[in-house]
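# Structure assessment
Letter by letter, the chains look like this.
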Protein chains: 2
Amino acid sequence: MDVMYVVSSGRYCRPNLFLLLLIILHSGPHTVAGVWPLPQVFTSSAERYSLNSQAFYFVYGRQSAAQQGCSVLDAAFNRYFPLIFPDYTSGNGVLPFSDSKPFSVEISVDHDDCESYPNEDSSERYNLSVSVGRASLNAETVWGALRALETFSQLVYQDDFGSYFVNKTEIEDFPRFQFRGILLDTSRHYLPVRTILKTLDAMAYSKFNVFHWHIVDDPSFPYQSSTFPDLSSKGAFHPMTHIYTQSDVRRVISYARLLGIRVLPEFDSPGHTKSWGKGQSNLLTPCYKGNIPSGVFGPVNPALPSTYQFMARLFKEVSSVFPDTYIHLGGDEVDFSCWRSNPDVKAFMSKMGFGADFTKLEAYYIENMVNITSALNKTSIVWQDVFDYHERIPKDTVLHIWKGTPAKYKEELSSITKAGMRVLLAAPWYINHISYGQDWRNYYTVQPQDFPGTEEQKKLVIGGEVCMWGEYVDATNLTPRLWPRASAAAERLWSDEKQTSSVGKAFPRLQDFRCKLLRRGIQAEPLYVGHCKHEYQGI
Amino acid sequence: MDVMYVVSSGRYCRPNLFLLLLIILHSGPHTVAGVWPLPQVFTSSAERYSLNSQAFYFVYGRQSAAQQGCSVLDAAFNRYFPLIFPDYTSGNGVLPFSDSKPFSVEISVDHDDCESYPNEDSSERYNLSVSVGRASLNAETVWGALRALETFSQLVYQDDFGSYFVNKTEIEDFPRFQFRGILLDTSRHYLPVRTILKTLDAMAYSKFNVFHWHIVDDPSFPYQSSTFPDLSSKGAFHPMTHIYTQSDVRRVISYARLLGIRVLPEFDSPGHTKSWGKGQSNLLTPCYKGNIPSGVFGPVNPALPSTYQFMARLFKEVSSVFPDTYIHLGGDEVDFSCWRSNPDVKAFMSKMGFGADFTKLEAYYIENMVNITSALNKTSIVWQDVFDYHERIPKDTVLHIWKGTPAKYKEELSSITKAGMRVLLAAPWYINHISYGQDWRNYYTVQPQDFPGTEEQKKLVIGGEVCMWGEYVDATNLTPRLWPRASAAAERLWSDEKQTSSVGKAFPRLQDFRCKLLRRGIQAEPLYVGHCKHEYQGI
C-alpha cells in the first residue's frame, strides 16, 4: 500500500484533513512496528528508499523559525547521525563516487526556542513525512523536533548486507501526557554523573521528558550547596568523590535540555532528612527519651524559626540552580514519634493550638515550604501524604501518588482530582521492585485515567513517573533494571491507549526496540528467550 | 594480639599442632574479616607490614615441586599482581630509590601438576602465613596454591593515602565441599566468550571450582560440532555470530584451567533438544495427531538405533573436547505425550515389554547414554528426574537435585544418598529467580547436609551449584544478577558451617567483598544502601 505525500511546506501542519487521510490509510495491511513508543497516527508503505551516510543531510526548512546555530537542533543532528548509521565511523568506507541518491532530512519549527528550557507547556507535537529523497519533520517547538528526530532514527533499518533503508512513511504524533518522568535516587547510592547522562540518553530514546532527581535523602546528601557547603562535606558518603558539584549539576541540566528533558529537583523534607543534620546543626528535631535528649534526631524541626530561614536560603539557591518551574518538596512518610517526644515541639503545638494532632504541625510545615517556593515563582510538587492530611494546599500544587495497589491509587486519583488538584501517578511504576519474569507487562497495562471521575477530573492527571528507588540499585545494575522495563511505561504515557491495549502485540515491538537500545550501547536486559542481531558489546 | 610465625620450610604443613595453636589464638579480639569465603582457620594480628609494588615479588619455594615455568602459577602471579596493587600501572610511580622493604610471597606445592587439569580429587587445601617481609603459601597442588593466592590478595588493603598493607596472619584452609559450581545457560541467550571468561574470573574470586556449561537446549544449539556442523549452522540463533567454535571452547577450557576451574559440559537429552532437530533429521520423535504426523517434534526418539549411533559419535567428540572426567547428560523434564502419540515408539515399547510405562522407555534411553559415556571413561551427572523414575543406574553416577522447596529437596537428598548415590545440590540456588530485597540471605542459610540420614549419607553430598538459567539473562544483566548473590552460596560451600551461621555477621563482610569485586572490574550489584570507596567505573 502506498500513501500520498502531504506537502507541509516547512510549517507545522494542522492535523484535521491530514489526520483523516492517515486514519483511512491506517487500515491497510502494513504492520505498525519499528517505533517505540507508538506514534498516534502512523502509516508506512512497502516503498523503501536507500540511505547512504555519504549522501545524507540534515537541513533546516527555509521557513523554519530555527536555523543553523540553533544549539538544540545542531547538537541533535550530531547525535542522531551515528544513531541512524550505527556502522559509520568517520574514517571508513568513504565512497566519493557513491551512486546513492542524496537524502535530506528537513526540519522546520514554528518557534525559535533554541536557547530556552523545555517546560510544562512545551509542545512535543510533530509531523513526519518520508518520501523520495527526503523526510520532512515539522513541529511547533524544537522539543517536538527532537521527538521527530528520534522517531525518524527508529524508522531507519539495515538489510542483511548492512545497507540502510527507510520506508515511505507518514506520522502525526503528540504525547498523551505532558509529564513523563523517571526518578533516580542519588542518596541511597551515589550515581556517577556519566551514569545519569547515559540514563538521559536512554530516556530520550523512549521519549521520556522529565528527570526527577531525588538528589538527597536520609543516607547521604551529595548535592554540594554553595550556600551551605557543610551539607555535602559532612552529609555525603564521601565529601570529594560522592558529591555533585555545581558544575556537575549544570552539566546534567544542560545535557538534559539538549535532549528536551526537564530536570525536576527534589529536596524531600521534613522526613527523609537524616543526612541533612550532619552538616546543619539545629535543623533536625532532637528526640527525647523521657526528659533527656536520646542523641537520636528525627525529622526537620518545624518549631524553630531558624528552620524556615535555612530552608528559604537553601531553596533560593536550588531555585536558581535548577531552571525548571517545578520543585519537588517531598513531604512523605513523616514519623511523628520524635516530634511527640520533644518538649519544645510540644510547647509549639500548644502555642499554635494544634492540640495533639501532629498532622496539623506537618501541614503547617509544608504550608511554609510551599510559600517559600511560591515566593521564588516555582510550582510545588509534593507526595500524596500532604493531600492525605491536609487539603488546604495551594491549587497549583501537584500531588504525586506513590502508594498502594490499583484499587488504592485509583481512589486517591479520584479524590485528589475531585478536589481540583493536578496529579502525577507513580504508584504502579515503582520499577525498583523486581520480580521474576516479564513484569514489564504490569507496567504496560496501567490505565492512568481509569478511575471514578468526570472528564475534567481525568484531565487533571498530568502524567506518570517511573521511580527507581536506590536501596538496591547503583551504577552496576541501574541500566539493565531500568531498560526496557521503563520503556513499557513510556508507551503507556505517550501513545494512544486504545491502539496500545494489547500486551501480546507490544511484545515483539518491545523486543525489537530493546535490540535498538543494545545497538545504541544501552545495557538493556532481555524480555525473554531470544537474541539480537547485535548483542551487547560491553562486557 | 600477636601470633607466632610457623616455619613451614616451603612444604605443605600438616595441620595437627598448627591447627591447635591457631584455634587457641582464634579466640582473640581481632575480627575475622577481609577474606570471602571465610577460611577454615584464620588468625591475624594488628601488626601490619607495608607493601610496595616496586619491591614485591612472587617466588617459588626452594623445595616446591613446581618452579618457574609452571604455567598455572606463572600466569597466576601475573594476574594477582594488579589485583594486589589495583592502582598500579606499569608506567607510573616508579620510585627506584623507594625506601620500602622488599616483600616476597613464596609459593610451595607438593606436586608438579602444572600442566594437568583440576579434577574431582584435586586438593585445594593450603596454608598461608604472613610475617615480616614475607608470606608463605603452601599447598599440595597448584590448585590449592591458586586458592592461597586469592586469599592473600584479599588480605592486602590500602589506607586513606593509598599505601598498601598486609597484617600478620596465619591461615589454614580447605573447602568443605569438593564441587562448587556455577551453571551458565548459553542456549536461551547466547553469552559472548568474553562474558564467560569474565564470569570465570569472578568465580575464582569466590573460590568456585566448576563451570557447568549448559551449552545447548531447546532454543538454540551454539556448540559448533566438528562431527555434526549442521547442529549449530542450523540450530544456533545465528550460524556465525551466535556460536562457540572449537577454538572458543578450547579458550574457555584453558582459561578456566589456569583459574583452577573445571568445565563440565551438559548436552541435555532426551528432552530440551528442540534445537538439535534443526540440524539432525530423524533424531527427534515426530509427534502424531491421530494417524498422521503433526509436524511438531518431541524429545529424542529412543526407539531408533540411529539415535544411539548419533549420540555415540557426538559424545565421543564432546569427551575429547572437554577434558573433565564428568559429563552432564541432563535427563530432566521429559514430556511423554509425543512419544505416546507416535506409532513407532509405541511398537518399540511393546517389543521391549515396557507396556504403557514411559518411564521405562526413558530409563532405557538414559541407560544407553550412560553406557556411551562410561565407554568413554567419563562419569555421568544427571538431573534428579533420572533417579526418580529409575533407581538402577550405575553407582558412580551423580544425581543433581534441582526441584522443590527445602522440605522436598531434603527428602530427595535423603533417598538418593540412602541408595548410596552421590548427590549435587542445586535446588536452593536457582539464582535466576530474583526477588526484591536481600535474597542473598536465602542462599547463605542453606544447610546442604541437614537431612535425615547417616554420617555416611552426608558424605555423599559432593557439593552444590548455583544455576543461572537464561530465560531472562544475557550479557547485559548476567554479572549484576550473579554477583555478589552467588558469593553467598560460595561461602556456604567452602567454609565451616558453624563459623558462618550468622547472616548478620556475614553482611558487612559480604559488603566489603562486593566492593573488592567492583575494584576488580566485576559489575557486582549492591546488597543494600551504602557506598564503596571505589565505585563501579564501567558506565
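Let me sum up the structure you'll find in this document. (Residues numbered from 1 in each chain as written. Chains lettered and ligands numbered in written order. Predicted model: local features only at pLDDT ≥ 70, side-chain atom pairs only at ≥ 80, totals over all residues. Heavy atoms only, no water.)

## Structural notes on the overall build of chain A
Broken down by element type, chain A carries 18 helices and 17 strands. With respect to the three principal axes, the spread of C-alpha positions in chain A is 85 × 50 × 50 Å. The burial tally for chain A puts 61% of its 539 residues in the buried class. At a minimum sequence separation of 6, the contacts of chain A that also span at least 24 residues come to 75%. (Helix = DSSP H or I, 4+ residues; strand = E, 2+ residues; numbered from the N terminus. Buried < 20%, exposed > 50% of the residue type's maximum accessible area, 1.4 Å probe, protein only. Contact = heavy atoms within 4.5 Å.)

## Side note on the sheet that holds strand β9 (residues 210–214) of chain A
Residues and elements named next belong to chain A. If you walk around this closed barrel you meet the 8 strands as β8-β9-β10-β13-β14-β15-β16-β17, and the pairing is parallel. Direction aside, neighbouring strands of the sheet carry axes that sit 30° apart on average. In terms of strand pairing, strand β14 (residues 379–383) meets strand β15 (residues 398–401) through 3 bridges, oriented parallel. Directly across from V382, in β15, lies its bridge partner L399. Contacts from helix α17 (residues 485–494) reach β8 (179–185) and β17 (461–468), with the element oriented near 175° to β17. (Pairing = 2+ DSSP bridges. Axes fitted to C-alpha atoms, helices over the stretch in contact; angles between N-to-C directions.)

## Topic: the relation of the copies chain B and chain A
Of the transformation placing chain B onto chain A, the axial shift is 0.0 Å and the rotation is 180°, giving an RMSD of 0.0 Å. Viewed as a symmetry operation, the transformation between the two copies matches a two-fold axis. Judged by C-alpha distance, S435 of chain B is the residue of chain B that lies nearest the rotation axis, at 2.5 Å. An overlap of 100% is found between the interface residues of chain B and their copies at the interface of chain A, pointing to a shared contact surface. (Least-squares fit on C-alpha atoms with pLDDT ≥ 70 in both.)

## Here we look at helix α8 (residues 305–321) of chain B
For an α-helix, the turn length of 3.6 residues means that residues three or four places apart are oriented alike. For α8 of chain B, with 17 residues, the first-to-last C-alpha span of 25 Å sits near the 24 Å given by 1.5 Å per residue. Taken as a whole, α8 of chain B has its buried residues at T307, Y308, F310, M311, L314, F315, E317, V318, S319 and V321 of chain B. (Expected span 1.5 Å × (residues − 1).)

## Here's the deal with the pattern of salt bridges
Residues and elements named next belong to chain A. Under the defined criterion, the tally for this structure stands at 44 salt bridges over all chains. A salt bridge links D87 to R519, with the nearest nitrogen and oxygen atoms 2.6 Å apart. Of the two residues, D87 is situated in the loop between α2 (71–84) and β3 (103–109) and R519 in helix α18 (residues 503–519); the sequence distance between them amounts to 432 residues. Judged by its relative accessible area of 28%, R519 falls in the partly exposed class. A salt bridge links R147 to E124, with the nearest nitrogen and oxygen atoms 2.9 Å apart. Of the two residues, R147 is situated in helix α3 (residues 142–155) and E124 in the loop between β3 and β4 (126–131); the sequence distance between them amounts to 23 residues. Comparing R147 with E124 shows no difference in burial state: the two are buried. Overlapping salt bridges bring together D185, R188, D217 and E471 as one network. (Salt bridge = Lys/Arg side-chain N within 4 Å of Asp/Glu carboxyl O.)

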